[in-house]
Amino acid sequence: MPCGKDDDTILEPAPTIIGFSPSTGIVGTQVTITGENFGSTPDKNIVKFGTITAIVSSASNTKLIATVPQGTITDRINVTTNNMTAISPIAFMIMKDPPEEEPLVIELDNTALTLYP
């Protein structure tokens, strides 16, 4: 009996995000996202940190590796595959670049120094 639906239509399952690691990082950090029903190649997945699109460098059905893009703020990770979106259960925490440390300078006072041969 016809049901008004094309019987040849195969519905892809929606992606789900189980977790990601690391949970904090700076721009440029590579984040491994684990879950289910991802696209098996990088170009079949759109990963966003909040609203900023990341570059996906590696993909499988259960794991994606994406680089934290410039402009990212602390927010959840979104993965879109087959026009369906999964949202991470917790936010990725963006850290500011570590400050550059001042070099340690040591000065010797030669009037208070005694050298022995």
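A quick note: this is a predicted structure, and the numbers were derived from the prediction, not measured.

Asks: Hey, could you run me through the sheet that holds strand β8 (residues 75–81) in this one?
Replies: Within a sheet, each strand pairs with its neighbour through backbone hydrogen bonds, oriented either parallel or antiparallel. Read across the sheet, five strands follow the order β2-β9-β8-β4-β5 without closing on themselves; strand pairing throughout is mixed. Two strands bound the open sheet, and with one partner strand each, they are β2 (24–25) and β5 (52–53). Sheet analysis places strand β4 (residues 46–49) next to β8, joined by four bridges and oriented antiparallel. Bridge pairing links Val 47 to Val 79 in β8.

Asks: Mind showing me how you'd approach the sheet that holds strand β7 (residues 63–67) here?
Replies: On the basis of which strands lie adjacent, the open sheet formed by four strands has the order β1-β3-β7-β6 and antiparallel pairing. Where the open sheet ends on each side, the last strands, each with one partner, are β1 (16–21) and β6 (55–59). Averaged over all adjacent pairs, the angle separating strand axes in this sheet is 30°, with direction ignored.

Asks: So what exactly am I meant to see when it comes to the environment of Ala 66 here?
Replies: You can see Ala 66 is positioned in strand β7. On the basis of relative accessibility, which here comes to 0%, the residue Ala 66 falls in the buried class. Sequence-wise, Ala 66 and Gln 30 are 36 residues apart; in three dimensions their C-alpha atoms are separated by 5.6 Å. The contact partners of Ala 66, leaving out residues within four places of it in the chain, are Thr 29, Gln 30, Val 31, Val 47, Phe 49, Ala 54, Ile 55 and Val 56.

About the thresholds
Residues numbered from 1 in each chain as written. Predicted model: local features only at pLDDT ≥ 70, side-chain atom pairs only at ≥ 80, totals over all residues. Heavy atoms only, no water. Pairing = 2+ DSSP bridges. Helix = DSSP H or I, 4+ residues; strand = E, 2+ residues; numbered from the N terminus. Axes fitted to C-alpha atoms, helices over the stretch in contact; angles between N-to-C directions. Buried < 20%, exposed > 50% of the residue type's maximum accessible area, 1.4 Å probe, protein only. Contact = heavy atoms within 4.5 Å.

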